[in-house]
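What follows is each chain in one-letter form.
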Amino acid sequence: GYTTRDLSQNPVAAWWQVTWQDNALDEAGYIVRFRYLLRGRPVSPYFLANKEAANTTSSIFSLREFPGLSPDYSLQFQVQAYKNNGARVETSTA
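These numbers were taken from a predicted model, which means no experiment stands behind them.

### Some remarks on the overall build of the protein chain
Piece 1. Scanning the protein chain from N- to C-terminus turns up zero helices and eight strands.
Piece 2. Put simply, the protein chain runs from its N terminus to its C terminus through helices and strands in the order β-β-β-β-β-β-β-β.
Piece 3. By the burial criterion, 35% of the 94 residues in the protein chain qualify as buried.
Piece 4. Partitioning the intrachain contacts of the protein chain with sequence separation of at least 6 by distance along the chain shows that 54% fall at a separation of at least 24.
Piece 5. Accessible area for the protein chain stands at about 5900 Å²; split by element, carbon and sulfur atoms hold 49% of it.

In structure tokens form, the structure reads like this:
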């Protein structure tokens, strides 16, 4: 799993950091995806949020990158290691 952390005191321009453990042995990098939850239930597919290099353990986002986010909605992130050949290695969702 992984954790999120608010890096800002300003809720309008809040920055969030998603962190995870690098458990993959031979990844080329990580794909970070997100989906919207409405009162805890998924209401969208996963969308690409970012790609990170191998051996990375975090990714930073601004809430401005997530249109339509309101108090009733929350975000769920998925972190997936990948190899250069495109094969999926591991996925963690929380």
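### Regarding the nonpolar core
Piece 1. Judged by nonpolar contacts, the single largest core of 13 residues is most densely connected at F61 and F77.
Piece 2. Taken together, the elements giving at least two residues each to this core come down to strand 2 (15–20), strand 3 (29–38) and strand 7 (73–82).
Piece 3. Counting residues per element, this core draws most heavily on strand 3, at four residues.

Parameters and conventions
Along each chain, the written sequence defines residue order, and numbers are assigned to residues from 1. Per-residue local features of the predicted model are confined to residues with pLDDT of at least 70, and side-chain atom pairs are confined, for both listing and counting, to 80 or more; whole-chain, interface and lining totals are unaffected and use all residues. Hydrogen atoms and water are omitted, and side-chain values are computed over all heavy atoms in the structure. Helix and strand definitions here come from DSSP, where helices need a minimum of 4 consecutive H or I residues and strands a minimum of 2 consecutive E residues; each element is numbered from the N-terminal end. Remark: exposure states derive from per-residue accessible area (1.4 Å probe, protein chains only) relative to the maximum for the residue type, with buried under 20%, exposed over 50%, and partly exposed in between. In this analysis, two residues are considered to be in contact whenever any of their non-hydrogen atoms come within 4.5 Å of each other. The protein chains shown are the only cover counted for residues, whose accessible areas, like all others here, come from Shrake-Rupley with a 1.4 Å probe. Throughout this description, the term nonpolar core refers to a set of buried Ala, Val, Leu, Ile, Met, Phe, Trp, Tyr and Cys residues connected via side-chain atoms within 4.5 Å.

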